[in-house]
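Single-letter residue listing:
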Amino acid sequence: MGVNLKGRSFLTLKDYTPEEIEYLVDLAIELKEKKKRGIFEKHLLNKNVALIFEKPSTRTRCAFTVGAADEGAHPEYLGKNDIQLGHKETVEDTARVLGRMFDGIEFRGFSQQTVETLAKYSGVPVWNGLTDEDHPTQVLADFMTIKEHFGYLKGLTFVYVGDGRNNMSNALMIGCAKMGLHYVIAAPEALYPEEELLNTCREYAKESQGSIQVISDVKVAVKNADIIYTDVWASMGEEDKMQERVQLLSPYQVNEALMEATGKADTIFMHCLPAVRGYEVTHEVLEGSQSVVFDEAENRMHTIKAVMVATLGDL
Ligand code: CP
Ligand code: NVA
């Protein structure tokens, strides 16, 4: 039996098997190749998808919009001032109304609970476009970029440097543990991940022959890294914490000296973007020959398209 994701929501990679994750990455690679050759198969013809954004976005919004349009669907953007989600109307009611009109719903916002409630009550596939806890579509784009670069995922050493308890680190830890990578978090102790999620991921890693390590010594952490990844020091909604994060995270800046500390010349640099140059990463590293950040950004579109096609399309 092949993988069949029809009708499924995409809320967190915890819900997906390694085989299903690999399938989505490979489907995205295929869709990218077809688009480059001018082949548009319109797997989502006559579908309508709602794109709910409580937080701002460049890549995710554009990826859903372009991905939907390429496949023949109509995307409708619903910004935070356009609808009453959770204020004058319960999330459950909005979910049921949107589910009567739309074939799929993307949600970006604060609470993971909201995206889960949308999935429970709408009756249509719901896709997580980022919450405070998770960012699963980004991880698919990151894995696609790694696979394009190295040809495989399993066994690679993936070092995440910076805020070890944010949505990006959580999502990458889940994904790497599922796919058998060696995931190392280099973070100050105050920003270590939640113990419960760590334990869950350690269980996944046992199955996949991957591993999880959390350490505060960044120079030790990056030794032998195949991939160095970082993210902003203060995520959306945490802007008031920037000053304290600068204090905590300045030693964790990804700069040329840190890239050299891997001891490897072919380590790649990754960042989900947007990046704040001069803070979590220097301009030189972001623009340097080891950086693949714009491939990652492009791959957001191909992977998000793959998620929509697999869960909603006529594949
Ligand atoms: N990486 C990412 O999610 O970017 P946006 O915030 O621009 O969507
Ligand atoms: N951790 C970042 C990711 C942005 C794509 C944020 O939540 O702002």
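Worth saying up front: this structure is predicted, and the values here are computed from it rather than measured. (Residues numbered from 1 in each chain as written. Chains lettered and ligands numbered in written order. Predicted model: local features only at pLDDT ≥ 70, side-chain atom pairs only at ≥ 80, totals over all residues. Heavy atoms only, no water.)

1. A few points about the pairing of strand β5 (residues 157-161)
Link 1 in the chain: For β5, a buried count of five out of five residues is recorded, marking the element as mostly surrounded by other parts of the structure.
Link 2 in the chain: Every second residue of β5 is oriented toward a common face, with Thr157, Val159 and Val161 on one face and Phe158 and Tyr160 on the other, all of them buried.
Link 3 in the chain: The sheet contact formed by β5 and strand β6 (residues 182-186) spans five bridges and is parallel. Note that in β6 the partner of Phe158 across the bridge is Tyr183.
Link 4 in the chain: Note on the crossover from β5 through helix α6 (residues 167-179) to β6: the handedness is right-handed.
Link 5 in the chain: Relative to strand β8 (residues 227-230), β5 runs parallel, the two sharing four bridges. Within β8, the residue paired with Val159 across the bridge is Ile228. (Buried < 20%, exposed > 50% of the residue type's maximum accessible area, 1.4 Å probe, protein only. Helix = DSSP H or I, 4+ residues; strand = E, 2+ residues; numbered from the N terminus. Pairing = 2+ DSSP bridges. Right-handed = clockwise from strand over helix to strand, strands pointing away.)

2. Examining the site of ligand 2
Link 1 in the chain: Leu130, His135, Asn166, Asn167, Asp231, Val232, Ser235, Met236 and Leu273 make up every residue found near ligand 2.
Link 2 in the chain: Interatomic distance of 2.6 Å between a side-chain N/O atom of Asp231 and a nitrogen atom of ligand 2.
Link 3 in the chain: Separating an oxygen atom of ligand 2 from a backbone N or O atom of Met236 is a distance of 2.8 Å.
Link 4 in the chain: When the free accessible area of ligand 2 is taken as 270 Å², the share hidden by the protein chains comes to 95%. (Near = heavy atom within 4 Å. Polar contact = N/O pair within 3.5 Å; in protein donor to acceptor, adjacent residues only side chain to side chain. Areas by Shrake-Rupley, 256 points an atom, 1.4 Å probe, with all protein chains shown as cover.)

3. Examining the sheet that holds strand β2 (residues 74-79)
Hydrogen bonds between backbone groups are what pair the strands of a sheet, and the pairing can be parallel or antiparallel.
Link 1 in the chain: Taken in spatial order, the four strands line up as β2-β1-β3-β4 in an open sheet, and their pairing is parallel. Two strands in the sheet have a free side with no partner beyond their single neighbour: β2 and β4 (126-128). Adjacent strand axes in the sheet meet at a mean angle of 20°, parallel and antiparallel pairs treated alike.
Link 2 in the chain: Two strands pair when backbone bridges link them, and strand β3 (residues 104-108) and β4 are joined in this way by three bridges, in the parallel orientation. Note that in β4 the partner of Glu106 across the bridge is Trp127.
Link 3 in the chain: Across the sheet, helix α4 (residues 112-122) touches β1 (48-53), β3 and β4, and the angle it forms with β4 is around 165°. (Axes fitted to C-alpha atoms, helices over the stretch in contact; angles between N-to-C directions. Contact = heavy atoms within 4.5 Å.)

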